[in-house]
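Reading the structure
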Amino acid sequence: MLNKKFACILLTLLTLYNCSKDDDNYVPIESSLYEEGEEFLTGPLGINSSSTDAFGFEINGLTFSQLGQFAAGNSLFTQTWVSSPASTTARDGLGPTFNARSCTRCHFKDGRGTPLVNGESSKGFLMRISLPGQDANGFNNPVPGYGNQLQDLANFGISFEGRVNVDYSVITGTYPDGRPYELQQPNYTLIEAMFGPLDNVLTSPRVGPQTIGLGLVSALPDSEILKLADEFDSDNDGISGRPNYVWNIKENKATLGKYGWKANTPTLEQQVAAAFHGDMGLTTKLFTQNNCPSPQQDCMDAFHGGDPEVTDAQLEDVVLYQATLAVPNRRNFRDENVLLGKQLFNELNCIGCHAIDLKTGTSSITPLLNNITIKPYSDFLLHDMGEALADNRPDFLATGREWRTQPLWGIGLIDAVNKHTFLLHDGRARNIEEAILWHGGEAENSKIGFINLTASERQNVLDFVNSL
């Protein structure tokens with residue numbers, strides 16, 4: 001018979017382990033932190049992929065007709081548009097001024113763009129500009145001669161608007177355990193201004209994010225986002241997310257903003273149409289005027305292709321394509337370090353902004369998106385992120401210090417898809433760790449908590465975020 005002491009030891013061991021560490025099926029005590037199904041960020045609609053094409057798959061269940069639309073939208077998204085007139089009339093109308101010749105230039109393989117590199121054609125970077133003040137609908141006042149976006153490219157014989165240069169200041173710091181870290185603060189300068197000085201305009205640099213899961217965001221009822229709002233921090237947790245209400249062109253009124261770095265666009269259709277217009281100079285039924293602010297006479301006199309240049313059918317195909325791109329399921333979700341990182345992520349209250357368990361309602365695009373519980377790790381609300389990240393350029397109700405919480409789903413696959421790990425609105429963070437260290441404002445306490453973790457605990461947090 002086992003003595004009492006040995007029996008207690010044996011019971012303890014059986015409680016801690018399902019089998020020995022040498023067994024391939026060894027499960028540590030941390031497995032108790034695993035929540036059933038947490039790896040499925042979009043329920044049954046996720047796909048298993050960690051390949052270079054991980055962001056490019058459609059959700060399961062599309063009809064034959066929708067698969068055709070998805071393929072057509074993919075083609076339009078990846079194709080290079082050309083100036084008019086051209087023999088390829090379905091793909092002409094580019095410009096006259098623009099930032100990219102294709103959607104995929106900014107969202108390569110439906111992923112993230114890269115930060116500005118001086119002297120090189122941008123791969124997903126652009127500069128928003130405006131004058132102080134807003135019009136009756138909340139749009140920022142345009143800069144005479146330039147509008148609200150500086151376009152650094154143009155068709156042959158047309159003047160581009162200007163260019164952007166960047167240099168970096170180094171910010172150094174040290175963790176309490178003695179490990180140093182280094183951040184790079186970008187300093188932007190507008191140069192080669194073709195239509196008047198740009199010395200005193202408001203600016204906001206942007207890098208294109210990955211475009212997965214957008215249809216599920218579209219299907220979120222306003223109530224699902226608004227239930228997370230706490231504008232006056234009534235629970236005293238230091239977080240006061242608030243909605244942005246922006247002009248909905250189709251409905252001709254202000255509605256909840258869901259898309260963009262400042263939640264400045266209300267619908268996926270308007271987001272796609274705005275990108276066609278601002279980034280490539282292509283007109284749609286929503287943006288019917290060519291992007292030629294006076295005094296750009298050569299732009300106004302240029303030949304334009306079609307009215308609109310992106311047909312309604314083409315716009316619909318691209319919207320469906322973007323709406324039905326699948327979100328990859330998580331990886332390494334049962335690893336001890338990842339599960340411990342998840343626990344720390346929650347304890348640091350990162351989950352206070354990077355929220356999960358939102359439920360979609362009824363989608364106008366496909367019923368496949370209906371009633372899905374999603375884990376985007378975003379509340380899609382505006383948060384004050386502190387002075388270090390401020391662009392000091394308001395956008396509808398968003399202040400110059402506020403940004404929409406960026407969804408974290410897919411963040412761990414950006415390196416695989418896009419061969420880089422640049423993050424935040426302008427790509428200044430070179431990896432997830434730097435992105436955390438840039439947080440301030442409402443996220444200051446969470447950042448300080450991260451800084452005060454041990455080195456192994458910090459790595460666990462990074463491993464968890466990389467699993468998303």
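Look above for the structure.
A brief look at the structure comes next. (Residues numbered from 1 in each chain as written. Predicted model: local features only at pLDDT ≥ 70, side-chain atom pairs only at ≥ 80, totals over all residues. Heavy atoms only, no water.)

Take the overall build of the chain next. When its secondary structure is counted, the chain shows 13 helices and 14 strands. The globule rule puts the C-alpha radius of gyration for 468 residues at 23 Å, and the 24 Å found for the chain is close to it. Projected onto its principal axes, the C-alpha positions of the chain cover 100 × 55 × 40 Å. Looking at the 468 residues of the chain, the share that counts as buried comes to 53%. In the chain, the share of contacts with a sequence separation of at least 24, taken over all contacts with a separation of at least 6, comes to 67%. (Helix = DSSP H or I, 4+ residues; strand = E, 2+ residues; numbered from the N terminus. Rg over C-alpha atoms; globule rule 2.2 N^0.38 Å. Buried < 20%, exposed > 50% of the residue type's maximum accessible area, 1.4 Å probe, protein only. Contact = heavy atoms within 4.5 Å.)

Two elements in contact, helix α2 (residues 64-78) and helix α8 (residues 312-323), have axes separated by 7 Å at closest approach and are oriented at 100 degrees. Looking at the two axes, α2 sits roughly perpendicular to α8. Residues Q66, Q69, F70, A72, G73, N74, L76 and F77 of α2 form the contact with α8, whose own contacting residues are Q314, E316, D317, V318, L320, Y321 and Q322. Along the lines of polarity and charge, the residues of the contact of α2 with α8 split into seven nonpolar, six polar and two charged. (Axes fitted to C-alpha atoms, helices over the stretch in contact; angles between N-to-C directions. Parallel < 35°, antiparallel > 145°, perpendicular 65-115°, else oblique. Nonpolar A, V, L, I, M, F, W, Y, C, P; charged D, E, K, R; others polar.)

Taken together, the side chains of L226, Y245 and L397 present a nonpolar region at the surface, about 240 Å² in accessible area. Within the fold, L397 resides in the loop between β13 (382-384) and β14 (402-404). Residue class for L397 comes out partly exposed when judged on its relative accessible area of 43%. (Patch = residues over 30% accessible without salt bridge, like charges linked within 9 Å, V, L, I, M, F, W, Y side chains within 5 Å. Areas by Shrake-Rupley, 256 points an atom, 1.4 Å probe, with all protein chains shown as cover. Salt bridge = Lys/Arg side-chain N within 4 Å of Asp/Glu carboxyl O.)

Here we take up the pattern of salt bridges. The full count for this structure, using the stated rule, is 22 salt bridges. It is possible to trace a salt-bridge network through shared partners that takes in E35, E38, R330 and K342.

With 15 residues, α2 ought to run about 21 Å at 1.5 Å a step, and its terminal C-alpha atoms sit 21 Å apart, in line with that. Of the residues making up α2, those classed as buried are Q66, Q69, F70, G73, L76 and F77. Seen end-on, α2 carries its buried residues on one side only, within an arc spanning 130 degrees. (Expected span 1.5 Å × (residues − 1). Arc of directions from axis to C-beta.)

Evaluation of the coordinates by the stated rule reveals 12 aromatic pairs. Residues F139 and F396 carry aromatic rings whose centres are separated by 5.1 Å and whose planes lie at 65 degrees to one another, so their mutual orientation is edge-to-face. Here the residue F139 occupies a position in the loop between β2 (125-134) and β3 (140-141), and F396 occupies one in the loop between β13 and β14, the gap between them amounting to 257 residues. Ring-pair connections join several aromatic residues into one group, and the members of that group are F70, F77 and Y321. Stacked on the ring of W403, the Lys or Arg K262 has its end atom at 4.3 Å from the ring centre. The ring of W438 carries the charged tip of R428 above its face, separated from the ring centre by 4.7 Å. (Phe/Tyr/Trp six-rings, centres within 6.5 Å; stacked < 30°, edge-to-face > 60°. Lys NZ or Arg CZ within 6 Å of the ring centre and 35° of its normal.)

Moving on, we come to the state of the cysteines. Using the criterion set out here, one finds one disulfide in the structure. There is a disulfide in this structure between C292 and C299, and the S-S distance comes to 1.9 Å. Every disulfide takes its handedness from the sign of the S-S torsion; for C292 and C299 that torsion is -60 degrees, giving left-handed. Comparing C292 with C299 shows no difference in burial state: the two are buried. Of all cysteine sulfurs, the one in C103 lies closest to C106, which takes part in no disulfide; the gap is 8.1 Å. Judged by its relative accessible area of 7%, C106 falls in the buried class. (Disulfide = S-S within 2.5 Å.)

Turning to the side chain of S49, a few remarks are in order. For S49, the position within the fold is in the loop between α1 (4-16) and α2. Ignoring sequence-local partners within four residues, the contact set of S49 consists of A54, F57, P328 and L413.

Take the nonpolar core next. Of all hydrophobic cores here, the largest spans 85 residues; its most connected members are W81, F276, W409, I411 and F450. For this core, the leading source of residues is α8, giving six residues. When residues no more than four places from it in sequence are discounted, the contact partners of F276 are W81, C103, G281, L282, T284, V310, L315 and V318. (Core = buried A, V, L, I, M, F, W, Y, C linked by side-chain atoms within 4.5 Å.)

Another aspect to go through is helix α13 (residues 455-466). One turn of an α-helix holds 3.6 residues; hence residues three or four places apart share an orientation. Under the 1.5 Å per step criterion, the end-to-end length of α13 is 16 Å for 12 residues, consistent within 8% with the ideal 16 Å. Of all the positions in α13, only R458, N460, V461, L462, D463, F464 and V465 are classed as buried. In the core, the buried residues of α13 are packed alongside α9 (336-347), α11 (432-438) and α12 (444-451).

Closest axis-to-axis distance for the α9/α13 pair is 7 Å, and the angle between their directions is 95 degrees. What the angle tells us is that α9 and α13 run roughly perpendicular. Along the contact surface, α9 presents N337, V338, L340, G341, K342, L344 and F345, while α13 presents E457, N460, V461, D463, F464 and V465. Here the contact of α9 with α13 is composed, by residue class, of seven nonpolar, three polar and three charged.

Take the side chain of E309 next. Its location among the elements puts E309 in the loop between α7 (297-301) and α8. Lacking a salt bridge, the buried E309 has R101 as its closest oppositely charged neighbour, with an N-O distance of 14 Å. Every residue in contact with E309, bar those within four places of it in the chain, is listed here: W81, D92, G93, G281, L282, T283, N290, H304 and Q314. (Lys, Arg positive; Asp, Glu negative; His and termini not counted.)

Let us now look at the environment of I158. Among the secondary structure elements, I158 is positioned in the loop between β5 (153-154) and β6 (163-174). Here I158 falls in the buried class, since its relative accessible area comes to 16%. With 141 residues separating them along the chain, I158 and C299 place their C-alpha atoms 6.2 Å apart. Once residues within four sequence positions are removed from consideration, I158 is found in contact with P96, T97, D298, C299 and A302.

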